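Here is how the chains run, residue by residue.
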Amino acid sequence: MDDKWKVRLSIDCDTGIDDALALVYLCALDRVRIEAITSTPGNVDVEQVAANNSALLTLCGKSDIPVLIGARGPLEIPLVTTPETHGRQGIGYATLRDPVSPVPMDSDAIDYWIEAARANPGELTVLLTAPLTNFALALRREPRLPWLLRKLVIMGGAFYYQGNTTPTAEWNTHVDPHAAKEVFAAYTAAAEQGLESEKLPIVCSLDTTERFEMRPDFLTKLSIEAGCAEPEIVQASDPEGTLSKSSNPLVRYLSDALRFYFEFHRHYDQGYIAHVHDYFAAGVAAGTLDYQTRPATVDVETESPLLFGTTVADFRGLWGKPANAHVVVANDPEAGFAELVQRLGALARKLNGDS
Ligand code: RIB
Ligand code: CA
């Protein structure tokens, strides 16, 4: 592998506001080579996800990165999207220029993953910040995928922690619980066949992603780091839908996207804040954010109406099965937000033609 890159990364997302933040962050990292972005329906439909991914790459000067589409809906149940959370187009109040390279609508994310993994055994890290539909389909087509990847990071699930979609279920696993169940079952089988522990998925569940609670002053710090003439001030007292007037296109985009997310969290009595789940998972995949994990056997409920989409982690071997995941149990939000300000500020300056 080329020494310059530390991480060759393929990202599957349902871009959405926190997916977008994660993508922009990863575009800011010299240590990461984004090989491709694959799109899964979730926050919005897959065509909108792919259009957002493509436009974001254009915004970040990375329009050469392929954007691919796989499944157009969950494995067994109808697709449910969440415009109330991320906005009708999935990026809050932000608007994006048309992408330089429109997404080929017949592209196949699943074949891409399999071909890329076979061609680069042990080199690809895969980050999943969406329902696990595409990855489940890839595992069906190539059961050796767990051995062929270098690392797998999943944002999803909630373990002994309040759900954000039902009282016990997290969004990504609730949109496609059958896919999540298949993915974890495949890793149980791989563990039983001797898959190395470090190749088990690192799972960033709500238990720790909700500790990454962004406050509006993040945008003020970002605008200062980006060298904006005027600090970006976003306040809970602002009229809803107020649009940014920042002189920096990246700051303006992120401010308009995140404002919508602050308003959504307030509507659901969580305060004028934003849980940036996918950014934390991106930092785990990139190797830039600290975290601690515990091995567990994870399974997903797909039958019970009461607990549909709920993830369960057996940390104590009570099921008599091998660990199929490393669940994140600790992280450092303060350091994570300082890292985000620094990286996005530098990217914002670079894209604006500043130093
Ligand atoms: O539950 C949070 C997850 O669901 C995040 O990935 C968010 O983008 C949504 O997809
Ligand atoms: Ca997501």
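Since this is a predicted model, take the numbers as computed values, not measurements. (Residues numbered from 1 in each chain as written. Chains lettered and ligands numbered in written order. Predicted model: local features only at pLDDT ≥ 70, side-chain atom pairs only at ≥ 80, totals over all residues. Heavy atoms only, no water.)

A.B. asks: Before we go on, may I ask you to explain the overall build of the protein in this structure?
C.D. replies: A count of helical and extended segments in the protein gives 13 helices and 11 strands. On C-alpha atoms alone, the protein measures out to a radius of gyration of 19 Å, which is about the 20 Å that the 2.2 N^0.38 rule sets for 355 residues. Sorting the 355 residues of the protein into buried and exposed places 59% on the buried side. Considering only contacts in the protein between residues 6 or more positions apart, those separated by 24 or more positions represent 80%. When the accessible surface of the protein is summed, it comes to about 14,100 Å², and 51% of that surface belongs to carbon and sulfur atoms. For the protein, the centre of its 30 positive side-chain charges and the centre of its 48 negative side-chain charges are spaced 5 Å apart. (Helix = DSSP H or I, 4+ residues; strand = E, 2+ residues; numbered from the N terminus. Rg over C-alpha atoms; globule rule 2.2 N^0.38 Å. Buried < 20%, exposed > 50% of the residue type's maximum accessible area, 1.4 Å probe, protein only. Contact = heavy atoms within 4.5 Å. Areas by Shrake-Rupley, 256 points an atom, 1.4 Å probe, with all protein chains shown as cover. Lys, Arg positive; Asp, Glu negative; His and termini not counted. Charge placed at Lys NZ, Arg CZ, Asp CG, Glu CD.)

A.B. asks: Explain unusual backbone geometry here, please?
C.D. replies: Phi is mostly negative for residues that are not glycine, and the peptide bonds are mostly trans. Non-glycine residue Y160 carries a positive phi angle of around 55 degrees. In this structure, Y160 sits in the loop between β5 (151–155) and α7 (171–175). Unlike most non-glycine residues, D269 shows phi in positive territory, near 55 degrees. Considering the arrangement of structural elements, one finds D269 in the loop between α11 (249–267) and β8 (274–275).

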